[in-house]
Amino acid sequence: MHWFVLVALFTTPADLSPHVIDGYEPRTYATLADCEKTRAGMTKFLDERVTNPKTKYNVFCVRVSVDGYLEGVANLRRKTGEAS
């Protein structure tokens, strides 16, 4: 099982280490296409609105894989008598 997380990291004059800014927290998506669509829109939005040349940002999608999740769900369903 996997999903995609949209991440927007910023560096600002006040904090040079990469960090998340309020309102731009990571968001999850079921497909890479959905994540990439939002990434493109957010990048365009930031390109138009970030005016301080010392503020840098990067918006990207991360694939998150979870091994064992489906097996865990099936095991729980067996324990509760629900058909998998």
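Procedures and definitions
- Residues numbered from 1 in each chain as written.
- Predicted model: local features only at pLDDT ≥ 70, side-chain atom pairs only at ≥ 80, totals over all residues.
- Heavy atoms only, no water.
- Helix = DSSP H or I, 4+ residues; strand = E, 2+ residues; numbered from the N terminus.
- Buried < 20%, exposed > 50% of the residue type's maximum accessible area, 1.4 Å probe, protein only.
- Areas by Shrake-Rupley, 256 points an atom, 1.4 Å probe, with all protein chains shown as cover.
- Salt bridge = Lys/Arg side-chain N within 4 Å of Asp/Glu carboxyl O.
- Expected span 1.5 Å × (residues − 1).
- Contact = heavy atoms within 4.5 Å.

### Brief notes about the overall build of the protein chain
Point 1. On a plain count of helices and strands, the protein chain comes out with 2 helices and 4 strands.
Point 2. In the protein chain, the order of α-helices and β-strands from amino to carboxyl end is β-β-β-α-β-α.
Point 3. Taken along its principal axes, the extent of the C-alpha atoms in the protein chain is 60 × 25 × 20 Å.
Point 4. Going through the 84 residues of the protein chain one by one, you find that 21% of them count as buried.
Point 5. In the form shown here, the protein chain has an accessible surface area of approximately 6,100 Å², with 57% of it arising from carbon and sulfur atoms.

### Digging into the pattern of salt bridges
Point 1. Tallied over the full model, the rule gives 3 salt bridges.
Point 2. A salt bridge links E48 to K44, with the shortest nitrogen-to-oxygen separation between them at 3.5 Å. You can see E48 and its partner K44 sitting in helix α1 (residues 32–49), 4 residues apart, about one turn around the helix.
Point 3. Note that R49 is salt-bridged to E48, the shortest N-O span being 3.3 Å.
Point 4. The class for R49 is partly exposed, based on a relative accessible area of 48%.
Point 5. Salt bridges sharing partners connect three or more residues here, namely K44, E48 and R49.

### Notes on α1
Point 1. Between the first and last C-alpha of α1 there are 25 Å, a value that for 18 residues agrees with the 26 Å anticipated at 1.5 Å per step.
Point 2. Buried-residue contacts for α1 involve β1 (2–12), β3 (27–29) and β4 (56–65).

### Brief notes about helix α2 (residues 69–80)
Point 1. In a regular helix each residue adds 1.5 Å, so 12 residues correspond to 16 Å; α2 covers 17 Å between its end C-alpha atoms and thus fits that length.
Point 2. In terms of burial, α2 is largely open, as just 1 of its 12 residues are buried.

### Describing the environment of T12
Point 1. When you line up the elements, T12 lands in strand β1.
Point 2. By relative accessible area, T12 is classed as buried at 15%.
Point 3. In this structure, the C-alpha to C-alpha distance between T12 and K54, residues 42 residues apart in sequence, is 6.4 Å.
Point 4. Residues in contact with T12, not counting those within four places in the same chain, are H19, I21, K54 and T55.

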